[in-house]
Amino acid sequence: MFYLIGLGLVDPMDISVKGLEIVKRCSRVYLESYTSVLGCHKEELETYYGRPLLLADRDLVEEKTDEILTGAIEDDVALLIVGDPFGATTHIDLVLRARDKKIPYKVIHNASILTAVGCCGLELYKFGEIVTIPYWDETWKPESFYDKIKFNRLHNMHTLCLLDIKVVEPTGEPRVRGRRQIMRFMTVADAAQQLLSIVDRKNVLEHNTVLNDMSLCVGLARVGSETQRIVAKSLHDMASTDLGGPLHCLIIPSKELHPLETDYLQGYAGFKLDSYNY
């Protein structure tokens, strides 16, 4: 059997009882290490689970899937995934590959940031399409995520912005599999700065009706942990906000909030929301 097991959001104890029992009996267990990360180290997971884990980077999961699936017909093999297994398209592709090879599979679900963001008080059924904001560099500055935020705003829907995780070499050299690498995590300030640079280039009508520097946004960090942070600020102020260590995400709320949403968000804002122009 091939298992895809959700780990939840924070630490070793977030795994379900069912998931932990499966991990302990599998012949091989991989830890997917690039679509997201837990707030703990691999060694802590190994200690809690009582077994070694094999790291699965992007190359292994996307290009060398057979290494993971090999033997899953005769033995139990598991892939551990931060959050819920179906929070990323990559893992849906893994299931399709298992089907093609006639390998039986099971999915063990867990908490995901896609639902945990409800902790800020915004109603989940009012969220539109989720976007990912990537790091820009000197030659690559995509803006397609802004168009989706614009669509959601014009249709009175919230937008959850997932923020980039980039794997880089300590020396800045191109990535080489097997060589020590470091992770770079986008912050809410990084994301807000990139959004502001897009907003500043829009015409006056769009600047005033879709998104501007005074538009309300919500920053979240380390959701579900003891050090969780939530703040509600203008886009301008979010661009200079430090919420500490990863992982961060950003929400651009709809232009009209339900009174209960306003009341709940008020606890995270430093200004009166009921008279605020979203």
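Sequence order as written defines the numbering, with residues in each chain counted from 1. With pLDDT at 70 or above as the cut-off, local features in this predicted model cover only qualifying residues; side-chain atom pairs require 80 or more to be listed or tallied, and sums for whole chains, interfaces and linings still use all residues. Only hydrogens and water are removed before side-chain values are computed, so all heavy atoms of the structure are retained for them.

- In the annotation of an unreviewed UniProt entry, the chain is listed under the name diphthine methyl ester synthase and assigned to Glossina pallidipes.
- Entered under Catalytic activity (unreviewed entry) in the UniProt record, the comment concerning the chain runs "2-[(3S)-amino-3-carboxypropyl]-L-histidyl-[translation elongation factor 2] + 4 S-adenosyl-L-methionine = diphthine methyl ester-[translation elongation factor 2] + 4 S-adenosyl-L-homocysteine + 3 H(+)".
- As recorded by UniProt, the Function (unreviewed entry) comment attached to the chain reads in full: "S-adenosyl-L-methionine-dependent methyltransferase that catalyzes four methylations of the modified target histidine residue in translation elongation factor 2 (EF-2), to form an intermediate called diphthine methyl ester. The four successive methylation reactions represent the second step of diphthamide biosynthesis." UniProt positions are given in the numbering used here, feature names are shortened, and annotations may be inferred rather than shown by experiment.

1. Brief notes about the UniProt feature "binding site: S-adenosyl-L-methionine" (unreviewed entry) in the chain
Piece 1. Here the UniProt feature "binding site: S-adenosyl-L-methionine" (unreviewed entry) sits at Leu9, Asp84, Gly87, Ser112, Ile113, Leu163, Val223 and His248.
Piece 2. Note that Leu9 resides in the loop between β1 (2-6) and α1 (17-25).
Piece 3. With near-sequence residues (within four places) excluded, Leu9 lies in contact with Asp14, Leu38, Gly39, Gly83, Ala111, Ser112, Ile113, Ala116 and Val223.
Piece 4. By secondary structure assignment, the location of His248 is in strand β12 (residues 248-252).
Piece 5. Each residue is assigned to one of three classes by its accessible area relative to the maximum for its type, calculated with a 1.4 Å probe on protein chains only: buried under 20%, partly exposed between the two thresholds, exposed over 50%. A residue is classified by how much of its surface remains accessible, and His248, at 8% relative accessible area, is buried. Think of it this way: any DSSP run of H or I at least four residues long counts as a helix, any run of E at least two long counts as a strand, and we number them from the N terminus. We call two residues in contact when some of their heavy atoms are within 4.5 Å.

2. Some words on helix α2 (residues 42-49)
Piece 1. All of the buried residues in α2 are Leu45, Glu46 and Tyr49. In a view along the axis of α2, the buried residues occupy a sector of 100°, so they form one face of it. Residues of α2 that are exposed and angled more than 90 degrees away from the buried face: Glu43 and Thr47.
Piece 2. Here the buried face of α2 lies against α1, β2 (28-32) and β4 (77-81).
Piece 3. Backbone geometry just after α2 places Gly50 at a positive phi near 75°. What the arc measures is the spread of directions leading from the helix axis to the C-beta atoms.

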